[in-house]
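# An overview of the molecular structure
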Amino acid sequence: MTWNIVSDSSCDMRAAQFSSGAAAFEAIPLCLRVGEKEYWDTEELNTQELLAAMATEKTASSTACPAPAAFARAFEKADRSICFTISANLSGTYNAACLGREMVLEEHPEKKICVIDSKSTAGAMILLIRRAKALIEADPDMDFEAFCDALRMYQASLRTVFTLENFDNLIKNGRMRPLVGTLLHSLGIHVIADATPQGTIHVSDKARGEVKTYKRMAQLMGESKDCTGAEVIISHCNNLEGAARLKQQILESLPVKSVELVPCRGLCSFYAMDKGLIVGF
Ligand code: X90
């Protein structure tokens, strides 16, 4: 029985962080457009260059989800595939993956393929990938439906809280409603947002200054669920120092098991923009 764990490049996971004798891992790249230039969000993409290009580009920037065929190629490779995508309410990626699934099942009805909407992105997807890997390693021949149900339950238990210095790309690309008061940031006010259970973006609070922002984020995390023993992943866009301070705050405030820091890949860098912090737990 061969297994492929598939995701899209919004997952902020790199192949080097995945090693398993029981399953392969593959992240399908989204396409990032900055002015006239197109970047594929592969592991080779230099996110510093991307951020620099975005900072100087005056015309519209946008992104595009992978083609169904890109998912189909990944699903063809194994007997069983589990796929996690960025929230279907933010991107067509989930839809593309479902179409890719149909394409493969038409030719190979014996294969088993499950596509799960993460209703989030970034760290929440890393946690889903790791849980899938652990379940496969524990029993590669398990009942496929039971495996998918366990992961759907785990998805529903995950939360995402984030703070960005700049919401321009999310707002300009129609992924969230404009914020009231665009001068907020220049006044030292940080906007804190979270993922709704439907996988949309919700502005939950504002805080003045970095210390209060991280305190409030940890508080919101505690209010959103019982964080006892939770594994926390902070994706940061070019902001290791901020991520480390937020980690400290989380460890002081909440009974979590661990907090890991990972740099954003291209898609999350594109939307989180310089200094953004996304917490999945
Ligand atoms: O299909 C596409 O072109 C991709 C569109 C992606 C749009 C949003 C990405 C946001 C990533 C901010 C963290 C948001 C976490 C909340 C999830 C509900 C960066």
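Residues numbered from 1 in each chain as written. Predicted model: local features only at pLDDT ≥ 70, side-chain atom pairs only at ≥ 80, totals over all residues. Heavy atoms only, no water.

### Section: the pattern of salt bridges
This structure, assessed with the given rule, holds 10 salt bridges. Residue E102 is joined to R101 by a salt bridge in which the shortest nitrogen-to-oxygen separation is 3.5 Å. Given the relative accessible area of 26%, R101 is considered partly exposed. Among the salt bridges present, the one from K133 reaches E137, with a minimum N-O distance of 3.4 Å. Taken together, the residues K133 and E137, both in helix 4 (residues 123-138) and four residues apart, mark about one turn of the helix. Relative accessible area serves as the criterion here: at 38%, E137 is assigned to the partly exposed category. Because the salt bridges share partners, they merge into one network encompassing D205, R216 and E223. (Salt bridge = Lys/Arg side-chain N within 4 Å of Asp/Glu carboxyl O. Buried < 20%, exposed > 50% of the residue type's maximum accessible area, 1.4 Å probe, protein only. Helix = DSSP H or I, 4+ residues; strand = E, 2+ residues; numbered from the N terminus.)

### Some points on the nonpolar core
Judged by nonpolar contacts, the single largest core of 29 residues is most densely connected at F162 and L170. Secondary-structure elements contributing two or more residues to this core are strand 3 (31-34), helix 1 (47-56), strand 8 (160-164), strand 9 (189-195) and helix 9 (266-272). Discounting residues that sit within four places of it in the chain, L170 has contacts with F162, L164, R175, M176, I201 and Y271. (Core = buried A, V, L, I, M, F, W, Y, C linked by side-chain atoms within 4.5 Å. Contact = heavy atoms within 4.5 Å.)

### Notes on the packing of helix 2 (residues 68-76) against helix 3 (residues 93-107)
For the pair helix 2 and helix 3, interaxial distance at closest approach is 7 Å and the crossing angle is 50°. In this view, helix 2 runs oblique relative to helix 3, as classed from their interaxial angle. Crossing handedness for the pair helix 2 and helix 3: right-handed. The residues of helix 3 that touch helix 2, namely those facing P68, A69, F71, A72, F75 and E76, are T93, A96, A97, L99, G100, R101, M103 and V104. Looking at the contact of helix 2 with helix 3, its residues break down into 10 nonpolar, two polar and two charged. (Axes fitted to C-alpha atoms, helices over the stretch in contact; angles between N-to-C directions. Parallel < 35°, antiparallel > 145°, perpendicular 65-115°, else oblique. Left-handed = near helix turned anticlockwise from the far one by under 90°. Nonpolar A, V, L, I, M, F, W, Y, C, P; charged D, E, K, R; others polar.)

### Section: the site of the ligand
Around the ligand there are 19 residues in total, and T63, A64, S91, R175 and A195 lie nearest to it. For the ligand, an oxygen atom lies 2.5 Å from a polar atom in the side chain of T63. A64 is positioned with one of its backbone polar atoms (N or O) 3.5 Å from an oxygen atom of the ligand. In isolation the ligand offers 560 Å² of accessible surface; the protein chains occlude 99% of this area. The residue inventory of the shell around the ligand, partitioned by class, reads 10 nonpolar, seven polar and two charged. (Near = heavy atom within 4 Å. Polar contact = N/O pair within 3.5 Å; in protein donor to acceptor, adjacent residues only side chain to side chain. Areas by Shrake-Rupley, 256 points an atom, 1.4 Å probe, with all protein chains shown as cover.)

### Concerning the side chain of D41
Looking at the element boundaries, D41 is found in the loop between strand 4 (37-40) and helix 1. A polar contact of 2.7 Å, which involves the side chain of D41, links it to the side chain of S9. Look past the residues within four positions of D41 in its chain and what remains in contact with it is S9, P29, L30, L32, R265, G266 and L267.

### What to know about the sheet that holds strand 4
Pairing is antiparallel across the open sheet formed by three strands, whose spatial order is 4-3-5. What marks the edges here is a single partner per strand, and that holds for strand 4 and strand 5 (61-64). Direction aside, the axes of adjacent strands within the sheet are offset by 20° on average. Direction of pairing for strand 3 relative to strand 4: antiparallel, over a ladder of four bridges. Bridge pairing links C31 to W40 in strand 4. Here helix 1 sits on the sheet in contact with strand 3 and strand 4, set at roughly 35° to strand 3. (Pairing = 2+ DSSP bridges.)

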